[in-house]
Amino acid sequence: MKCLRRTAATAFLGFALALGIAQPPAGAEPETPPTTAATAPAPAAAEFNVRDYGAVGNGSTNDTAAINKAITAANTAGGGIVRFPSGTYESKKTIRMKSNVTLQLDAGSTISGNGADTYDPPEPNQWDDYQDYGHSHFHNAMIYGDNLSNIGFTGSGVIDGDGALITGNPKPGEADKIISLTRCKNLTLSGITLREGGHFAALINNCDNVVSDRLTIDTAMDRDGWNIISTTNVKITNAHLEANDDALAFKSDYALGAKLNNGHVTVTDSYLSAGCCNALMFGSETCGDFTDYRFERITIKGSDKSGLGLVSMDGAKISDVHYKDITMTDVRSPIMQKVGTRKRCGNNPGVGSISNITYTNIKANGTTPSFSPTLWGESGSGRIHDITFTNVDITVPGGNGTMSTNPPSNDPTDYNPKAIGTRPAHGWYIRGADNVRFTDSEVRFAANDGRPAVIADNSTGVRFDRFTAQRGSNSPSDLLFQTVNGYCVAGSANTNGGALRISQTGSSQNCGGGPSPTRYEAENATYSTGSTVDSDHTGYSGTGFVNTPNTVGAYVEWTVNASEAGTADLVIAYANGTTTSRPLDIAVNGVTVAAASPFAGTGAWTTWRTVTVPVALKAGANTVRATATTANGAPNLDFLDGPA
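On a predicted model such as this, the values are computed, not experimentally measured, just so you know. (Residues numbered from 1 in each chain as written. Predicted model: local features only at pLDDT ≥ 70, side-chain atom pairs only at ≥ 80, totals over all residues. Heavy atoms only, no water.)

## Observations regarding the confidence of the model for the protein chain
Atom-level detail of predicted coordinates should not be read off regions where pLDDT is low. For the protein chain, the mean per-residue pLDDT works out to 92, and 93% of the residues sit at or above 70. Segment residues 1-37: pLDDT under 50, and 37 contacts once partners within four positions in sequence are set aside and those in other chains are kept. (pLDDT = per-residue confidence, 0-100. Contact = heavy atoms within 4.5 Å.)

Below is the structure:
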């Protein structure tokens, strides 16, 4: 083993700069680059091979002591990479992480758990009563660390519990999680696979600045995938998480003796599945507030509770959460929002709330039996408010007969979708919610159903714009409003193109709310040669729609007037009855502002959807041209809504 002759501070600074987790000291003068054609690259992080510290990697020898020696050496040197070459490293005891250390698992390497019952015992916790045992104790894990900074788990190898980790409450010596980290800062968890994690593959609590790319978790035979608790500034990309319990859950508990905030999170381009429970979940532990979450381009396959679950059970205020471009199949409860009154949190929590949540371009298919998509708020400050659904299409199993439209039973201390009885609507059931808006969305069933498609109860400001609902042969109505102050249904229809049947009791209608946008019908616009104005597919606005030739360059061009210069949202309505996108370039005054916007399939030529394009307009007349970029031509174009 070579001796390191750099100082600890110098060694870690080089390591941290190489990984992009540190900056030069404040006020330091930049180092003058050498007078060569190119500046020399930053020094590589120091490397510590576990085999140099006695690890064997033969799958039977206990390598824990050697691994911990390598970690200590890297930490003592000021930081470095602890490398695991190909091999199976049996770990019968807890691996103890230290600051400024990254475990790098090379291809073919595995850290394997063991059932010898010699892991660190769980630490005592005076706050045990506020969350489940697994959330309350952290030491009893394959890998544990507390109050650490600049740590990582990278490479392409595997950390495998190997059937040795416990899914329930462990006895002394047993571990119930693979990775357990508290109070950490600057965590990287990328490239590796976590398998058979017991209760949790990974559990982090009160961490900040977490980056994960290409993480794979397989706990389909155990319980949770990744629980991210009381944590801020998280970026997850290209994750593939398959769990039996919750796949990816954001929580906030009282295990560390305080209500801690959560937020500033993005999750993109990922795959999730959950066997018994929730795929993408907030809660149930919800002590501290949550804000600023973005979930985009996510596929969910399988969830016996919620596909997209969002509950506030313990006093948390959950706000500014945005879901976009998400596809769900085989989910029992596609979308579930609930405010509950469990209050399992210290510091005398009140009742929480859910607000400013958006769902855009969501498609879901449920399984049998299922729970209707639900918004359920509590009275007073616990109501749900400011929720928008745009291009949200849900197919439910259906198959129920007619039933009472009275509110179903509800256990306010239970977050499970089944804690609310059978909803009296086969589609959306909304109760205790204000300012809820559906635009260009629909609900269908697989089997005939006798319930209304939507029931809104004890709510205000519930609006449906261009909403499509499937009608059961014996359903008393399509949309039912019960004690709703200010409902509105505009431009909506059943799946056969007929008007929706609307019923109300103790409710009032209000379709006001500011100036309406100016509508520019496609049939009144300019369009490419060979285009026709057709009316053979129902549900369009105006007198028809434009059907362009199937050629590259086919277009429709509107002239849009603006009273003053500034930014505006242009809303383009279209139908695409194929399964292939028909992308369009959107140009304003001859300048392309949105290249190859997808204009994805809508499922049928009678199903109309919208695409919103933010643009800069000049005062007066503006030309807006939508041009096909493929040989399939444009979708059928109905209208453009511009500024009022």
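## Re the nonpolar core
Soluble globular proteins: nonpolar side chains tend toward being buried together. Counting residues in each nonpolar core, the largest one holds 108 residues, and the members touching the most others are Phe153, Ile159, Trp226, Phe250, Phe295 and Tyr323. Broken down by element, this core gets its largest block of residues, eight residues, from strand 24 (residues 317-339). Residues within four places of Phe250 in sequence aside, it is in contact with Ile228, Val265, Val267, Leu280, Met281, Phe282, Gly283, Phe290, Tyr293 and Phe295. Grouped together as the second largest cluster of nonpolar side chains are 28 residues, Tyr520, Val546, Phe599 and Ala626 included. (Core = buried A, V, L, I, M, F, W, Y, C linked by side-chain atoms within 4.5 Å. Buried < 20%, exposed > 50% of the residue type's maximum accessible area, 1.4 Å probe, protein only. Helix = DSSP H or I, 4+ residues; strand = E, 2+ residues; numbered from the N terminus.)

## Things to note about the pattern of salt bridges
Within the structure shown, the criterion is met by 33 salt bridges. Lys251 is the salt-bridge partner of Asp224, the closest N and O atoms lying 3.8 Å from each other. Of the two residues, Asp224 sits in strand 17 (residues 224-229) while Lys251 sits in strand 20 (residues 248-252), which places them 27 residues apart along the sequence. For Asp224, a relative accessible area of 2% corresponds to the buried category. (Salt bridge = Lys/Arg side-chain N within 4 Å of Asp/Glu carboxyl O.)

## As for the layout of surface pockets
Within this model, the largest pocket holds a volume of roughly 900 Å³. Lining the largest pocket are 34 residues, with Arg437, Thr439, Arg463, Asp465 and Pro517 positioned closest to its centre. Listed by contribution, the elements that provide at least two residues to the lining of the largest pocket are strand 29 (433-439), strand 31 (454-465), strand 33 (479-490), strand 42 (566-575), strand 45 (609-617) and strand 47 (636-642). A per-class count over the lining of the largest pocket returns 11 nonpolar, 15 polar and eight charged. There is about 710 Å³ of room inside the second largest pocket. Together, 25 residues line the second largest pocket, and Asp325, Thr360, Asn361, Asn391 and Val611 are the ones closest to its centre. At the level of secondary structure, the elements contributing two or more residues to the lining of the second largest pocket comprise strand 24, strand 25 (353-366), strand 27 (384-398), strand 44 (591-597) and strand 45. Looking at the lining of the second largest pocket residue by residue, the class counts come to 10 nonpolar, 10 polar and five charged. (1 Å grid on protein atoms, 1.4 Å probe; cavity = no way out; pocket = protein on both sides within 12 Å on 5 of 7 lines; lining within 4 Å. Points joined across faces, edges and corners; volume = space filled by probe spheres on them. Nonpolar A, V, L, I, M, F, W, Y, C, P; charged D, E, K, R; others polar.)

## Focus on unusual backbone geometry
Most peptide bonds take the trans configuration, and most residues that are not glycine carry a negative phi. Residues Gly283 and Ser284 are joined by a peptide bond in cis, for which omega reads 15°. By the secondary structure assignment, Ser284 is in strand 22 (residues 280-286). One non-glycine residue, Asp292, lies in the positive phi region at around 70°. Position of Asp292 relative to the elements: it lies in strand 23 (residues 290-312). Take Asp292: its relative accessible area is 22%, and that puts it in the partly exposed class.

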